[in-house]
Amino acid sequence: LDKEVSADKIDLLDSVAFSINKMRENILSDIDQKSTVQRQLALSNRKMELEIKERIKAEAEIKVLNEDLEEKVFERTQELEESNEELQKTLTNLENTQGQLIHSEKMASLGVLVAGVAHEINTPVGMGLTGITHFLEITKDIKKFYHEGKLSEEEFEDYLNISCDLANSINSNLVRAADLIRSF
């Protein structure tokens with residue numbers, strides 16, 4: 001069916017064929033575009049899947065790191081609490097030791113003071129004891145000489161002079177000891 005087509009005559013069938021061909025070209029173009037879009041969409045989906053997997057993996061790693069960190073924080077907190085308890089015990093021991101040292105120093109100072117006071121008091125008391133011992137001896141001798149009838153007037157006067165000196169010495173030493181005791 002060869003039909004001659006003239007340029008100025010287009011029949012209805014040609015017009016339909018042309019329209020169908022145009023539609024076919026549009027459909028083929030749309031199919032190509034759809035395929036391209038589907039490939040791009042598939043590629044985009046793969047990229048998104050990879051990103052999602054990477055994010056899930058990163059979140060899992062972060063979760064593990066957070067758990068490790070929480071555990072380390074808990075352990076260090078316990079260590080710090082134990083260390084603080086030990087330091088508190090040490091501080092208490094040091095305070096007790098310091099109190100004992102202060103007490104010991106006070107006692108040592110008191111000992112030195114008592115020794116000094118004892119020495120200061122011992123001197124006049126010792127002198128008084130020496131004097132009274134001497135006084136007792138010479139009195140005993142005078143008594144013996146008197147009972148034996150061998151006591152001369154000169155010996156008795158010596159005895160009285162020595163007794164007076166000894167009494168004054170004993171008195172002054174006892175007054176000095178009393179003053180020292182009163183001052184302390």
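Check the entry above for the structure.
Residues numbered from 1 in each chain as written. Predicted model: local features only at pLDDT ≥ 70, side-chain atom pairs only at ≥ 80, totals over all residues. Heavy atoms only, no water.

### A short note on a nonpolar patch on the surface
Phase 1 of the analysis: A surface patch of nonpolar side chains, amounting to about 500 Å² of accessible area, comprises M107, L110, L113, V114 and F184.
Phase 2 of the analysis: With respect to the helices, strands and loops of the structure, L110 is situated in helix α1 (residues 12–148). (Patch = residues over 30% accessible without salt bridge, like charges linked within 9 Å, V, L, I, M, F, W, Y side chains within 5 Å. Areas by Shrake-Rupley, 256 points an atom, 1.4 Å probe, with all protein chains shown as cover. Salt bridge = Lys/Arg side-chain N within 4 Å of Asp/Glu carboxyl O. Helix = DSSP H or I, 4+ residues; strand = E, 2+ residues; numbered from the N terminus.)

### Quick notes on a negative patch on the surface
Phase 1 of the analysis: Where like charges cluster on the molecular surface, the negative patch consists of E67, D68, E70, E71, E75, E79, E81, E82, E85 and E86.
Phase 2 of the analysis: By secondary structure assignment, the location of E81 is in helix α1.
Phase 3 of the analysis: The partly exposed category is assigned to E81, whose relative accessible area is 45%. (Lys, Arg positive; Asp, Glu negative; His and termini not counted. Charge placed at Lys NZ, Arg CZ, Asp CG, Glu CD. Buried < 20%, exposed > 50% of the residue type's maximum accessible area, 1.4 Å probe, protein only.)

### Quick notes on the side chain of S163
Phase 1 of the analysis: Relative to the elements of secondary structure, S163 occurs in helix α2 (residues 153–183).
Phase 2 of the analysis: What makes S163 buried here is its relative accessible area of 10%.
Phase 3 of the analysis: Each residue touching S163, except ones within four places of it in the same chain, is listed here: F135 and I138. (Contact = heavy atoms within 4.5 Å.)

### So, α2
Phase 1 of the analysis: Helix length check: α2, at 31 residues, gives a terminal C-alpha distance of 45 Å against a target of 45 Å (1.5 Å per residue), a fit within 8%.
Phase 2 of the analysis: Y159, S163, L166, I170, N173, A177 and L180 are the residues of α2 that are buried.
Phase 3 of the analysis: Residues of α2 that are buried sit in contact with α1. (Expected span 1.5 Å × (residues − 1).)

### Structural notes on the pattern of salt bridges
Phase 1 of the analysis: According to the stated counting rule, one finds 2 salt bridges in the structure shown.
Phase 2 of the analysis: The shortest N-O distance in the salt bridge between E148 and K150 comes to 3.5 Å.
Phase 3 of the analysis: Given a relative accessible area of 54%, K150 falls into the exposed group.
Phase 4 of the analysis: A salt bridge links D179 to R182; the shortest N-O distance between them is 2.4 Å.

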